[in-house]
Amino acid sequence: AQKVTQAQTEISVVEKEDVTLDCVYETRDTTYYLFWYKQPPSGELVFLIRRNSFDEQNEISGRYSWNFQKSTSSFNFTITASQVVDSAVYFCAPHNTDKLIFGTGTRLQVFP
Amino acid sequence: GAGVSQSPSNKVTEKGKDVELRCDPISGHTALYWYRQRLGQGLEFLIYFQGNSAPDKSGLPSDRFSAERTGESVSTLTIQRTQQEDSAVYLCASSSGLAGYEQYFGPGTRLTVT
C-alpha cells in the first residue's frame, strides 16, 4: 500500500527552539516528488517545500531545511529558531502517480 | 493574482439532501483537485481533472459523489443524498501541471450534514 506515516501527532516547543518533523513514506514509483504543506489555524494549506526523488541533496531555505533519505524513505523537515507563527499542522505528501498522498499531519505548537 | 476560491464557505444541510460545492481555480492552471478533510485528519484525495483528459475518479468514496469541470475553469462537486459521514471540509486545489507541481489550495467548504 502507498502511504505516509507521520508518527509525531503533536509537538510542543518554546520559541527559538529547533524542531524536526518526521515523515516516512511508501511508494511503488521509482521517481516521485515529495512535498511539505502547512495548515495554520485559518485552515488554508500553504506549500512549503518540494523535493524530487532523484536528488538527495539536502537544502536550507531560510529557517527551513529538509533531510531526504531515499534508502530509508524518509523526508524530515526542520524549522530552525521556531516562532509562534509557525504553530500549525504540517503535512508530508509524496506526489504519487499524479496525486498527493497526505499523512495525518503533525500539530506543532510554539509557545512564547 | 487571485488564488483558488471556493463557495460556499459553510454549508449546513439535512441528511438526504443534495449539495453542490464550487471551486474557481487559479487562471491558467490546467489541473484541479478535490480533497476531503475530516476533523483532525489528513486530506483524502477525491478526484482530479487535467486539461481535456478523462478525470481520475479513483478517490470518490461512493456513487453519490460526482464532479464536473468546464474546460480549464470552474468545477463543481456534487454529493447526492447526503449522509452524516459526509460532514467534512472539502478542499479544492489547482496547479500548473500534474507530477511535481505544487498545488495551491482554496479555503475550503465546511459541510455539515444534520
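None of these values were measured; they are calculated from a predicted model.

### Things to note about the overall build of chain A
Here comes step 1: Looking only at helices and strands, chain A has 0 helices and 12 strands in total.
Here comes step 2: Starting at the N terminus, the α and β elements of chain A follow one another as β-β-β-β-β-β-β-β-β-β-β-β.
Here comes step 3: Taking 13 Å as the expected radius of gyration for a compact globule of 112 residues, we find that chain A reaches 13 Å, a close match to that expectation.
Here comes step 4: The C-alpha extent of chain A, read off along each of the three principal axes, is 45 × 25 × 20 Å.
Here comes step 5: Here chain A, with 112 residues, has 47% of them falling under the buried criterion.
Here comes step 6: In chain A, once contacts between residues fewer than 6 apart in sequence are set aside, the share between residues at least 24 apart is 54%.
Here comes step 7: A total of about 5,500 Å² of accessible surface is found on chain A, and carbon and sulfur atoms cover 49% of it.
Here comes step 8: Seen as two clouds, the 10 positive and the 13 negative side-chain charges of chain A have centres 4 Å apart.

### Quick notes on the interface of chain A and chain B
Here comes step 1: The interface is formed by 16 residues belonging to chain A together with 20 residues belonging to chain B.
Here comes step 2: Interface area, chain A with chain B, both sides summed: about 1,600 Å², of which 56% is carbon and sulfur.
Here comes step 3: At the junction of chain A with chain B, the criterion picks out 1 salt bridge.
Here comes step 4: The residue A:Arg50 makes a salt bridge to B:Glu102 at a minimum N-O spacing of 2.5 Å.
Here comes step 5: The tally of links from chain A across to chain B stands at 3 residue pairs in polar contact (both at pLDDT 80 or more).
Here comes step 6: Of all elements in the fold, only strand E5 (33–39), strand E6 (46–52), strand E10 (88–96) and strand E11 (99–100) of chain A reach the threshold of two or more residues within the side of chain A that touches chain B.

### Overview of unusual backbone geometry
Here comes step 1: B:Ser7 connects to B:Pro8 through a cis peptide bond whose omega is -10°.
Here comes step 2: Of note, B:Pro8 is situated in the loop between strand E1 (5–7) and strand E2 (10–13).
Here comes step 3: Residues other than glycine seldom take positive phi values, yet A:Ser73 does so here, at roughly 50°.
Here comes step 4: Among the structural elements, A:Ser73 can be located in the loop between strand E8 (64–69) and strand E9 (74–79).
Here comes step 5: With relative accessibility at 22%, the residue A:Ser73 sits in the partly exposed group.
Here comes step 6: Here the phi dihedral of A:Ala81 falls at roughly 50°; this positive angle occurs in a residue that is not glycine.
Here comes step 7: By the element assignment, A:Ala81 lies in the loop between E9 and E10.
Here comes step 8: With a relative accessible area of 32%, A:Ala81 lands in the partly exposed category.

### A short note on the side chain of A:Ser53
Here comes step 1: With respect to the helices and strands, A:Ser53 occurs in the loop between E6 and strand E7 (59–61).
Here comes step 2: Apart from the residues lying within four places of it in its own chain, the contact partners of A:Ser53 are A:Thr30, A:Thr31, A:Tyr32, A:Phe68 and A:Lys70.

### Considerations on the side chain of A:Ser87
Here comes step 1: In this structure, A:Ser87 sits in the loop between E9 and E10.
Here comes step 2: Excluding its chain neighbours within four sequence positions, the residues that come into contact with A:Ser87 are A:Pro40, A:Pro41, A:Leu108, A:Gln109 and A:Val110.

### Topic: the nonpolar core
Here comes step 1: Core analysis: the largest hydrophobic core is formed by 23 residues, its most contacted members being A:Trp36, A:Phe75, A:Phe77, A:Tyr90 and A:Leu108.
Here comes step 2: Those elements that provide at least two residues to this core are strand E2 (10–14), strand E3 (19–21), E5, E6, E8, E9, E10 and strand E12 (106–111) of chain A.
Here comes step 3: In contact with A:Leu108, other than residues within four places in its own chain, are A:Ile11, A:Val13, A:Val19, A:Ile79, A:Asp86, A:Ser87, A:Ala88 and A:Tyr90.
Here comes step 4: In this structure, B:Trp34, B:Phe49, B:Ile79 and B:Leu111 belong to the second largest nonpolar core, which totals 20 residues.

### Some thoughts on the sheet that holds strand E6 (residues 65–69) of chain B
Residue and element names in this part refer to chain B.
Here comes step 1: Strands sit in the order E1-E3-E7-E6 across an open sheet of 4 strands; the sheet is antiparallel. Unpaired on one side and paired on the other, E1 and E6 mark the two borders of the sheet. When the angles between neighbouring strand axes are averaged without regard to direction, this sheet yields 15°.
Here comes step 2: Across 3 bridges, the pairing between E1 and strand E3 (residues 19–24) is antiparallel. Within the sheet, the bridge partner assigned to Ser-7 lies in E3 and is Arg-22.

Criteria and cut-off values
Residues numbered from 1 in each chain as written. Chains lettered and ligands numbered in written order. Predicted model: local features only at pLDDT ≥ 70, side-chain atom pairs only at ≥ 80, totals over all residues. Heavy atoms only, no water. Helix = DSSP H or I, 4+ residues; strand = E, 2+ residues; numbered from the N terminus. Rg over C-alpha atoms; globule rule 2.2 N^0.38 Å. Buried < 20%, exposed > 50% of the residue type's maximum accessible area, 1.4 Å probe, protein only. Contact = heavy atoms within 4.5 Å. Areas by Shrake-Rupley, 256 points an atom, 1.4 Å probe, with all protein chains shown as cover. Lys, Arg positive; Asp, Glu negative; His and termini not counted. Charge placed at Lys NZ, Arg CZ, Asp CG, Glu CD. Buried area = accessible area lost by both parts, 1.4 Å probe. Salt bridge = Lys/Arg side-chain N within 4 Å of Asp/Glu carboxyl O. Polar contact = N/O pair within 3.5 Å; in protein donor to acceptor, adjacent residues only side chain to side chain. Core = buried A, V, L, I, M, F, W, Y, C linked by side-chain atoms within 4.5 Å. Pairing = 2+ DSSP bridges. Axes fitted to C-alpha atoms, helices over the stretch in contact; angles between N-to-C directions.

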